[in-house]
Amino acid sequence: MKLIDGKKISNEVKQEIAAEVEQMRQAGGKAPHLAAMIVGHDGASETYVAAKVKACEVVGFQSSEFRFEEDITEAELLEKIREINEDDSIDGLIVQLPLPKHISETRVIETIAPEKDVDGFHPMNVGKMVASLPTYLPATPAGIVELLKRYEIETSGKNCVVLGRSNIVGTPMSVLMSRKSAYGDCTVTLCHSRTKNIGEITRQADIVIVALGKKEFLTGDMVKEGAVIIDVGIHRVKSDKTKSGWKLLGDVNFDEVAPKASFITPVPGGVGPMTIVSLLQNTLLAAKKEIY
Ligand code: GUN
């Protein structure tokens, strides 16, 4: 069994991005600039946005945070997005989700200019991804593809089972793994909450990508010997064995599955660190105007 070290790979990619930013600056250009909007004071969103801003600093990007109170109206938020769309000094814009209930996430996402949508959530960019056209790929699936590539894991002709059909992970993941024009070329099965006999399906898989949001869902009896296991889940649970009193678990029962796997991502330190790196990669593409 080989552990896929997302922390190490994410640091390597960050160094590559930092080197490119340095080159851009030496050539007289400006550093890429990411804007992040956050509405309200959700703890997890605060943590994610802080991590994104920090990552920008590490690679030499400029970043701007736009903070709004929970009671901002949808019209006001959309107006601010339109302002940033028009601001040539900003290359990429993300609006941290979830948003308060009175604001439509769909309308927010559709208001972001597709060329600045470095989350890859705008329907225009989702469409381009499905059509295998160059675009900003959603962060988590793109990070997983980067891990598979850097560990030289063969995917062509393999059976890949994706568990979970969310817009931001499962669905785009299934598209990327099945397509021909980029990395992938797998035969993909997408399972979700209505799928019957998931274990029978995952036992046929050469690659299992688990993004269900269910703690330790994938157990040892559900995987075949030698499978590649990618765990997107993250759950904080109480533990009397750690100093903090908490530990993190994934969607995979690591102790049961790891001995059977050829490669496996740990939680933490697997997929998680790669997602922010993908956002940086997209922001770099936006700054270089390589997509639009
Ligand atoms: N909330 C959870 N994941 C994400 C993400 O990738 N981007 C944004 N904007 N919000 C999120």
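Small disclaimer: the values here were computed from a predicted structure and weren't measured. (Residues numbered from 1 in each chain as written. Predicted model: local features only at pLDDT ≥ 70, side-chain atom pairs only at ≥ 80, totals over all residues.)

> Give a description of the overall build of the chain that names residues and reports values.
Within the chain one finds ten helices and eleven strands. The C-alpha atoms of the chain give 19 Å as radius of gyration, which agrees with the globular expectation for 292 residues (19 Å, within 12%). Taken along its principal axes, the extent of the C-alpha atoms in the chain is 55 × 40 × 40 Å. Considering the chain as a whole, with its 292 residues, one finds that 42% of them fall into the buried category. Contacts in the chain between residues at least 24 apart in sequence constitute 68% of all its contacts with a sequence separation of at least 6. (Helix = DSSP H or I, 4+ residues; strand = E, 2+ residues; numbered from the N terminus. Rg over C-alpha atoms; globule rule 2.2 N^0.38 Å. Buried ≥ 20, exposed ≤ 12 C-beta atoms within 10 Å, placed from the backbone. Contact = placed C-beta atoms within 7 Å.)

> Lay out the domain arrangement of the chain with the relevant residues and their values.
Annotation of the chain at the domain level lists domain 1 (31–115) and domain 2 (139–272). Measuring from the centre of the C-alpha atoms in domain 1 to the corresponding centre in domain 2 gives 29 Å. (Domains from an automatic or database assignment.)

> Describe the sheet that holds strand β3 (residues 62–68), and please don't skip the residues or the numbers.
What the three strands build is an open sheet, ordered β3-β2-β4; its pairing is parallel. Whereas interior strands pair on both sides, the edge strands pair on one side only; in this sheet they are β3 and β4 (92–95). Neighbour-to-neighbour, the strand axes of the sheet open up by a mean angle of 15°, direction not taken into account. Pairing analysis gives seven bridges linking strand β2 (residues 33–39) to β3, with the strands arranged parallel. (Pairing = 2+ DSSP bridges. Axes fitted to C-alpha atoms, helices over the stretch in contact; angles between N-to-C directions.)

> So what's going on with helix α10 (residues 272–287)? Which residues, and what values?
The end-to-end C-alpha distance of α10, which contains 16 residues, comes to 24 Å, matching closely the 22 Å that a straight helix rising 1.5 Å per residue would cover. Directly after α10, the chain includes K289, whose backbone phi takes a positive value near 55°. (Expected span 1.5 Å × (residues − 1).)

> So what about the site of the ligand? Which residues, and what values?
If you check the shell around the ligand, you find I94, V95, Q96, L97, D119, A139 and I168 and nothing else. Taken together, the residues of the shell around the ligand break down into five nonpolar, one polar and one charged. (Near = placed C-beta within 6 Å. Nonpolar A, V, L, I, M, F, W, Y, C, P; charged D, E, K, R; others polar.)

> Summarise the sheet that holds strand β11 (residues 263–264); cite the residues concerned and give the values.
Sheets are built from strands that pair by backbone hydrogen bonding, the pairs being arranged parallel or antiparallel. The strand order β1-β11-β8-β7-β5-β6 describes an open sheet built from six strands, whose pairing is parallel. With one partner strand each, in any of the chains shown, β1 (2–3) and β6 (187–191) form the two edges of the open sheet. The pairing of strand β5 (residues 159–163) with strand β7 (residues 207–210) spans four bridges and is parallel. Looking at β7, one finds that V161 is bridged to V208.

> Tell me about the pairing of β7, and please be specific about residues and values.
Burial along β7 is two-sided: the residues I207 and I209 and V208 and V210 are all buried. Pairing analysis gives four bridges linking β7 to strand β8 (residues 228–231), with the strands arranged parallel. From the neighbouring strand, V210 faces β8, where its bridge partner is D231.

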